[in-house]
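Fold and geometry: a report
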Amino acid sequence: MIAAARPHVAATLVFAASVLLVLFEAPLWCTAVALGCAAWRIAVSVGWLNPPRAGSWRRLVFVTLTVACVLAVLANFRTLNGLSAGTALLVLMGALKLLESRSRRDDGIVIGVALFMLLAAVLGDQSLLRVPLYLLTVWGACAAIAIIAHPGDALPTRAALRLSARALAMAAPLAAACFLLFPRVSGQFWALQRGQQATTGLSDVMAPGAIGELASEYDPAFRVRFEGSPPPRETLYFRGVVLNSFDGFTWRRARSHTWNPPPLEMLGAPVRYRVTLEPSYRPWLFALDTVARSPRRNVFLAHDRQLTAMDDIDTVTSYDAESYLRTRSTGKLSVAGHRYETRIEGEGNPRTRALALSLRAQSGSDAEYAQRVLQWFQEQRLEYTLDPGPTSVDSVDSTLFDSKRGFCAHFASAYATLMRMADVPAHVVTGYLGGEWNPAGGYLIVRQSDAHAWTEVWLDGHGWTRIDPTSVVEPERLQRGLYDLMPQSMGATAQVLRSAWISRIAHVWDSANQWWQERVVEFNARAQLSFLRNLGIDSPGWQHLGWGFAIALLTWIGWVSLTLRRSVARQRPDRIARAWLAATRKLARVAPARAADEGPIAFARRIGAARPDLAPAVSDVAERYVRLRFGPSSSAPEVLELERAVRRLAA
Amino acid sequence: MTASTPNPTIGALADLDRVILGKPQAVRLALACLIARGHLLIEDVPGVGKTTLAHALAHVLGLAWQRVQFTSDLLPADIIGVSVFDASRGEFSFRKGPIFTQLLLADEVNRASPKTQSALLEAMEERQVSVDVTTYRLPDPFFVVATQNPFEQLGTFRLPESQLDRFLMRISLGYPDAQHERALLAEGDRRDLLPVMKPALSPEGVRDLQAAAQRVHVAPALLEYVQALVASTRQRTDVLLGLSPRAGQGLVRAARAWALLAGRDLVLPEDVQAVFGPVASHRLERTGGAGGADHAAFVSGILRGVPVPV
C-alpha cells in the first residue's frame, strides 16, 4: 500500500459503510453508484489503478456528472425534498466527491457526508437492531478522522480506534445530558415525507377470505402494556375498522354514513393501556371495545367508535387509551342509523334471506333472534378452516349452505347479513383478538395472525352488542391463538420462532425492543418533564430543563478539560528550568530573545558577542544551567547557586 | 567543562586542519563520525579533497588503510577476498581482500554494481565477512569512508535508502574559500605533508576515544529533544519517510562524539543540532524528489520547528 493511502482508504470505507446504512432509504442504483465509486477510490489509493490525469476536461466531466445525478434523483422521486430524495442526493454527491478527492480536506468532507448519511439512516430507522451498526459507524468515522488529522500518516489504525473509542466514551455523558435535558420540541419535526411503502394488516374492505391471508403473517401488529393486570383473554377484542356497507359479497366501510349515535353509558372501571403500533401504512388505530376518547391529537373518533388517524401510520406510534369493556345504550337508534345499519345492496343470497325470515318469524325479539341464529350456526356444524375454497357471488349462501366451511370473516359476514336481512341493525368489525403474552416484558404482543372479524348487533335496551359467531363454530379461538388451533397454517419462520427456547429468546429480544421504543425513541417533552419530576422537582418546566442542561454542559466541559489537561498538558517547569527561563527573559532586554530552538551555550555566546561586558556572567549562568539540566546529577545547593547567579544577572 | 583527562583529539584535529585547509567543520564531523563508530559517506564533486581527507584521517589516527576504486566491473571478491587452491598444501586458503584493514576508502562507491555495493555494506554492518563457511572478523577499529559524486549519473547505481542508512553521516566538503584556495595553489599537494607528520593517535587511542564517547552523559531532557526531533520528521508532509529509531540512535551516538570533540562530558542540544544535518539528511527522502541545494535549509527548518528542552 502506498504510504499516503491509508487516510483515503479509511475515509472511503466509512463512506461505504454509511451508504449501506441508508440502503433502504436510497434507491438501489444510487447505492450501486456510490459503492462503485468507493471501490474505484480504494483501487486508486492503493495503486491498483492509475489516478485520473488532471486537465480541464475533468472539470467538465464532473459538472456533467453532478447535473446528471441531480436530474436522475429528480426523475426518480419527482422532488428533491424529503428524506428519501435527500438521502439519494447525499449518497450521489458523496460518491462524486470520492472521484475528485485528493487532499486531506477532501477526505474530511467525505467523512462529513458519511456522518450526514448516518443522520439520515437514524431518521429512517430507529430500531434497536440498528443501534450497534450506528455505533460502529460513528466509531469508524471518528477513527478515520483521527487518521486523517494525524500528519504524515503516523497514527496506526489500532491506535486510531482506541483514540476514537476514548473520545466517544468521553462524549457519552454529554450525549446522555442532551438526550435527557435538552429541551425538546413537541411533535416530530423530522416527520419528513416518505416514499410509498408496502402496506400490511387489515384493510377497510372485507371480501370473503380476506382475513385468512393475514393468518400466515407472524409480524407483530402492535404491543399493549396494561396498567394493572390485563383483562381476561376472551375479552381482548381490539376493534379496528367497522364495516357497515354490504353488497352481497364484500363488506366495506362507507365513509359518508354518519348519524348521531344514542348516548352511551360506560359501565365498570375503565381499562387503561398503552398501545405501540407498528407501521401499517394505513390510518387505523386499535383499541379495546369501547374507547372513552380519542387517544391523541389528529386521531378522529367516529360515531361507531372507530379510531382513524389523519395520516397513515408510517412510524412506530404509541398512544395511551382508556376503554370500557361493558357499555349500555338505552336510547333508540336514529332512523337514519337504522336504515344504514340494515341496508343490503342488491337481491343476492336468496337462501340466506329465506332463512333469516323464517328464523325471525320464530323469534319474539331481536335478542332472541340473535340467539337463535347463533344456535343455528352451532347446529349446522360449520367447519372452521383457513382454506374454505372459493365462494360464489352469493357469498353468504355459499358459506352457509354449500361449503359449510369458513373463517372468521365468512362467519361474521354471514351473521351480520342474517341480522340485516331480518331488519336487525348489525355490522362487521375487524380487528385483532387475543395476542401473545410476553412474560419477559409484561406486555401483550398482538400479531397479524391474530386478526379477527366479528359482528356488532344493535339490541334495544343494550345498544351495540358484540356477537362473535366464530366463538360458536370454534370456541377454542377465543382462548387460544390461531397457531395453536391450526399449526399447519404457520409459515416456516413462525414455526421456528415458536419453538420453546427460541420463543423465550424472542420474548426477551421483543421486550428489549419495546423498552427501547418506549424509553428511548419515544422519550419526548412529556417524558422529559416526568423525568424531572422523578428527580424531585415539583412542577418542572422548560426553565428547569434549560438550567439542568446548562449545568450538565458546564460540568462536562469542566470534566473533559481537566481530563485532557492531565493527559496532554506538559509538565510544569521545574526550578532549574524556571531559573534558566528567568535568565533568558532578563537577557531578552539586551539582545533579541532566545529562539525556541536555540541551545543554552549558543544563546550565551550570542549574548556575549552582543554585550562583551555581560559575557562572563552569562556564560557562568549558562554553564551552571547546562551542568544541572544535561549533566548526570543535580544537587539542591547547585540549583541554589544557579538561582543566585541568575539573580546577580539582574544586578 | 573540559574532560579531566588531556584531550588527545585536539592534536588530531590540528593535524587534520593542516592537511585539509579551511574545512574545520567537515573535518570535525568526519572525526566525530569515526569516534561514534560510524561509517562516513562523503558526497562531493571530484577534486575537493575527498580522498585526501580519508587518507589524512587514516594517517592521523594511526590506522592501516586501503583504497578501492569502485568500478562497474568490480566484484564482491575483489573487496572481500577469494579462496584460492594452494597446490603445495592441497587445500583452499583464503586470500583476504582489501576490506581487511582498519580504514577502507571506497572511492566512487556508486559506480559499482548493486551486488558489490551490498557486499561492502553488509560487511560494514556486521563488521565481519563470511566466505564459504568461515567467518572472518574485520579489524577493530574498522571504518569505511565512501565517496560518491552526486552529479555524475551515467553508469552509476544510486545507493538505495536502506544502504544509505548504514552510513552514520553524509558530509560534503565543498569548494574552499578564496584565501584557502590560494594557499592550496601555492603549496601544492597537501598529501605530501602526511609522511612527515607523526600520527596523533593509534588504533588503541581510537578505541579509547570510542569508549570515552560512550561514557559522555546524555540527560533525559536531551533524549526528549532527540525524540521530538525524530518524531517531527515523521509528521512532516514534505517527507516521504521520517527518521527511523536507528537514525535516532545514530543521532545520539554522533552527538556524544561531537561533545567529546568539544571536550565535554555531557551532550548539549547544540551537539545534537551540529550533527543533525549530516546524520539525518541522507535518511530523509523528500516528497517530489526535492533535494540538492535547499537540503541544508530544509534540515535547519526541521531544527527550527523543535524547541530545545529547558
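Parameters and conventions
Residues numbered from 1 in each chain as written. Chains lettered and ligands numbered in written order. Predicted model: local features only at pLDDT ≥ 70, side-chain atom pairs only at ≥ 80, totals over all residues. Heavy atoms only, no water. Pairing = 2+ DSSP bridges. Helix = DSSP H or I, 4+ residues; strand = E, 2+ residues; numbered from the N terminus. pLDDT = per-residue confidence, 0-100. Contact = heavy atoms within 4.5 Å. Axes fitted to C-alpha atoms, helices over the stretch in contact; angles between N-to-C directions. Parallel < 35°, antiparallel > 145°, perpendicular 65-115°, else oblique. Left-handed = near helix turned anticlockwise from the far one by under 90°. Nonpolar A, V, L, I, M, F, W, Y, C, P; charged D, E, K, R; others polar. Core = buried A, V, L, I, M, F, W, Y, C linked by side-chain atoms within 4.5 Å. Buried < 20%, exposed > 50% of the residue type's maximum accessible area, 1.4 Å probe, protein only. Buried area = accessible area lost by both parts, 1.4 Å probe. Salt bridge = Lys/Arg side-chain N within 4 Å of Asp/Glu carboxyl O. Domains from an automatic or database assignment. Expected span 1.5 Å × (residues − 1). Arc of directions from axis to C-beta. Patch = residues over 30% accessible without salt bridge, like charges linked within 9 Å, V, L, I, M, F, W, Y side chains within 5 Å. Areas by Shrake-Rupley, 256 points an atom, 1.4 Å probe, with all protein chains shown as cover. 1 Å grid on protein atoms, 1.4 Å probe; cavity = no way out; pocket = protein on both sides within 12 Å on 5 of 7 lines; lining within 4 Å. Points joined across faces, edges and corners; volume = space filled by probe spheres on them.

1. Things to note about the pairing of strand S7 (residues 134–137) of chain B
All names here are of chain B. Where strand S6 (residues 128–131) lies against S7, four bridges are found, and the strand directions are antiparallel. Paired with valine 129 across the two strands is tyrosine 136, which belongs to S7. Linking two consecutive strands that pair antiparallel, namely S6 and S7, is a turn of two residues; a positive phi of about 50° is found at aspartate 132 within it.

2. Notes on the confidence of the model for chain B
All names here are of chain B. Here chain B averages 85 in pLDDT, and 95% of its residues register 70 or above. Per-element confidence in chain B ranges from a low mean pLDDT of 76 for strand S11 (residues 285–286) to a high of 93 for helix H10 (residues 245–261). Contacts of residues 1–5 to residues separated by more than four positions or lying in other chains number seven contacts, the stretch itself having pLDDT below 50.

3. Topic: the packing of helix H4 (residues 83–100) of chain A against helix H5 (residues 104–124) of chain A
All names here are of chain A. At a minimum axis separation of 10 Å, H4 and H5 run at an interaxial angle of 160°. As the angle between them shows, H4 and H5 are arranged roughly antiparallel. Once H4 is placed against H5, the crossing between them reads as left-handed. Residues Leu83, Thr87, Leu90, Val91, Gly94, Lys97, Leu98 and Glu100 of H4 form the contact with H5, whose participating residues are Asp106, Ile109, Val110, Val113, Phe116, Met117, Ala120, Leu123 and Gly124. Broken down by class, the residue content of the contact of H4 with H5 amounts to eleven nonpolar, three polar and three charged.

4. Brief notes about the nonpolar core
In terms of nonpolar packing, the biggest core is built from 102 residues, with Leu31, Leu53, Met169, Val272, Val275 and Phe276 of chain B touching the most fellow members. The element that contributes the greatest number of residues to this core is H10 of chain B, accounting for ten residues. In contact with methionine 169 of chain B, not counting residues within four places along its chain, are Leu29, Ala32, Cys33, His39, Leu40, Leu41, Ala254, Val275, Pro278, Val279 and His282 of chain B. Leu243, Phe286, Val299 and Ala309 of chain A belong to the second-largest nonpolar core, a separate cluster that totals 69 residues.

5. Re the interface of chain B and chain A
In this complex, chain B contributes 23 residues to the contact, which on the side of chain A involves 23 residues. Of the roughly 1,900 Å² buried between chain B and chain A on both sides combined, carbon and sulfur atoms contribute 64%. Here chain B is connected to chain A by one salt bridge. With a shortest N-O distance of 3.2 Å, arginine 627 of chain A and aspartate 265 of chain B are connected by a salt bridge. Only helix H9 (220–234), helix H11 (269–280) and helix H12 (295–304) of chain B provide two or more residues apiece to the side of chain B that touches chain A. In the side of chain B that touches chain A, the residues fall into 14 nonpolar, four polar and five charged.

6. With respect to the sheet that holds strand S12 (residues 307–309) of chain A
Residues and elements named next belong to chain A. Pairing within the open sheet is antiparallel, and its three strands lie in the order S8-S12-S11. With one partner strand each, in any of the chains shown, strand S8 (284–285) and strand S11 (299–301) form the two edges of the open sheet. Across three bridges, the pairing between S11 and S12 is antiparallel. The residue bridging valine 299 from the neighbouring strand is alanine 309, located in S12.

7. Considering the domain arrangement of chain A
When cut into domains, chain A gives domain 1 (5–149), domain 2 (157–186 + 524–563), domain 3 (205–347 + 425–500) and domain 4 (575–650). Here domain 1 of chain A and domain 4 of chain A have C-alpha centroids that lie 57 Å from each other.

8. Some words on helix H9 (residues 350–362) of chain A
Residues and elements named next belong to chain A. Here H9 contains 13 residues, and its C-alpha end-to-end distance of 19 Å stays within 8% of the 18 Å for a straight helix at 1.5 Å per residue. Thr352, Leu355, Ala356 and Leu359 are the residues of H9 that are buried. One face of H9 carries all of its buried residues, which in axial projection span an arc of 100°. For H9, the exposed residues lying more than 90 degrees away from the buried face are Leu357 and Ala361. Those residues of H9 that are buried are in contact with helix H10 (366–379), helix H11 (395–403) and helix H12 (408–421).

9. Digging into a nonpolar patch on the surface
Together, Val63, Val67, Leu71, Leu74 and Leu80 of chain A line one region of the surface with nonpolar side chains, adding up to about 410 Å² of accessible area. Following the sequence through the fold, leucine 71 of chain A ends up in helix H3 (residues 56–77).

10. A short note on the pattern of salt bridges
The tally for this structure, following the rule as stated, stands at 41 salt bridges over all chains. We note a salt bridge from arginine 351 of chain A to aspartate 397 of chain A, for which the minimum N-O separation is 3.8 Å. Of the two residues, arginine 351 of chain A is situated in helix H9 and aspartate 397 of chain A in helix H11; the sequence distance between them amounts to 46 residues. By relative accessible area, which is 2% here, aspartate 397 of chain A ends up buried. A single salt-bridge network, built from bridges that share partners, covers Glu125, Asp165, Arg166, Arg246 and Arg283 of chain B.

11. What to know about the packing of helix H1 (residues 9–19) of chain B against helix H2 (residues 24–35) of chain B
Helix packing geometry: the angle between the two helix axes and the distance between the axes. All names here are of chain B. At a closest axis distance of 10 Å, the pairing of H1 and H2 adopts a crossing angle of 135°. Put simply, H1 runs oblique to H2. Here H1 and H2 pass one another in a crossing that is right-handed. Listed contacts from H2 to Thr9, Ala12, Leu13, Leu16 and Asp17 of H1 are Pro24, Val27, Arg28, Leu31 and Ile35. Of the residues in the contact of H1 with H2, the class split is seven nonpolar, one polar and two charged.

12. Concerning the sheet that holds strand S20 (residues 451–459) of chain A
Residues and elements named next belong to chain A. Across the sheet, five strands lie side by side as S9-S3-S17-S20-S21; this open sheet has antiparallel pairing. If you trace the sheet from one side to the other, it starts and ends with strand S9 (287–288) and strand S21 (463–467), each paired once. Where strand S3 (residues 237–243) lies against S9, two bridges are found, and the strand directions are antiparallel. Bridge pairing links phenylalanine 238 to leucine 288 in S9. Sheet strands touched by H12: strand S17 (426–433), S20 and S21. Its angle to S20, the strand with the most contacts, is close to 15°.

13. What about empty space enclosed by the protein?
Per the counting criterion, the structure on display carries four cavities of 30 Å³ or more. Here the largest cavity is characterised by a volume of approximately 60 Å³. For the lining of the largest cavity, the secondary structure elements donating two or more residues are H11 and H12 of chain A. In terms of residues, the lining of the largest cavity owes the most to one element, H12 of chain A, which gives four residues. Of the residues in the lining of the largest cavity, the class split is eight nonpolar, four polar and no charged. Empty space within the second largest cavity amounts to approximately 50 Å³. What lines the second largest cavity is Ile35, Ala36, Arg37, Gln210, Ala213, Gln214, Arg253, Arg256 and Ala257 of chain B. Those elements that place two or more of their residues in the lining of the second largest cavity are helix H8 (203–215) and H10 of chain B. Of the residues belonging to the lining of the second largest cavity, the class tally is four nonpolar, two polar and three charged.

14. A short note on the side chain of glutamate 518 of chain A
By the element assignment, glutamate 518 of chain A lies in helix H17 (residues 500–521). Take glutamate 518 of chain A: its relative accessible area is 15%, and that puts it in the buried class.

15. Quick word on the pairing of S17 of chain A
Residues and elements named next belong to chain A. Across the eight residues that make up S17, a large majority, eight, are buried. As defined by bridge partners, S17 adjoins S20 across seven bridges and the pair is classed as antiparallel. The residue of S20 that forms the bridge with histidine 427 is glutamate 456.

16. Quick look at the environment of alanine 617 of chain A
Residue and element names in this part refer to chain A. Counting through the fold element by element, alanine 617 comes out in helix H22 (residues 615–630). Under the relative-accessibility criterion, alanine 617 is labelled partly exposed at 36%. Between the C-alpha atom of alanine 617 and that of valine 646, which follows or precedes it by 29 residues, the distance is 8.8 Å.

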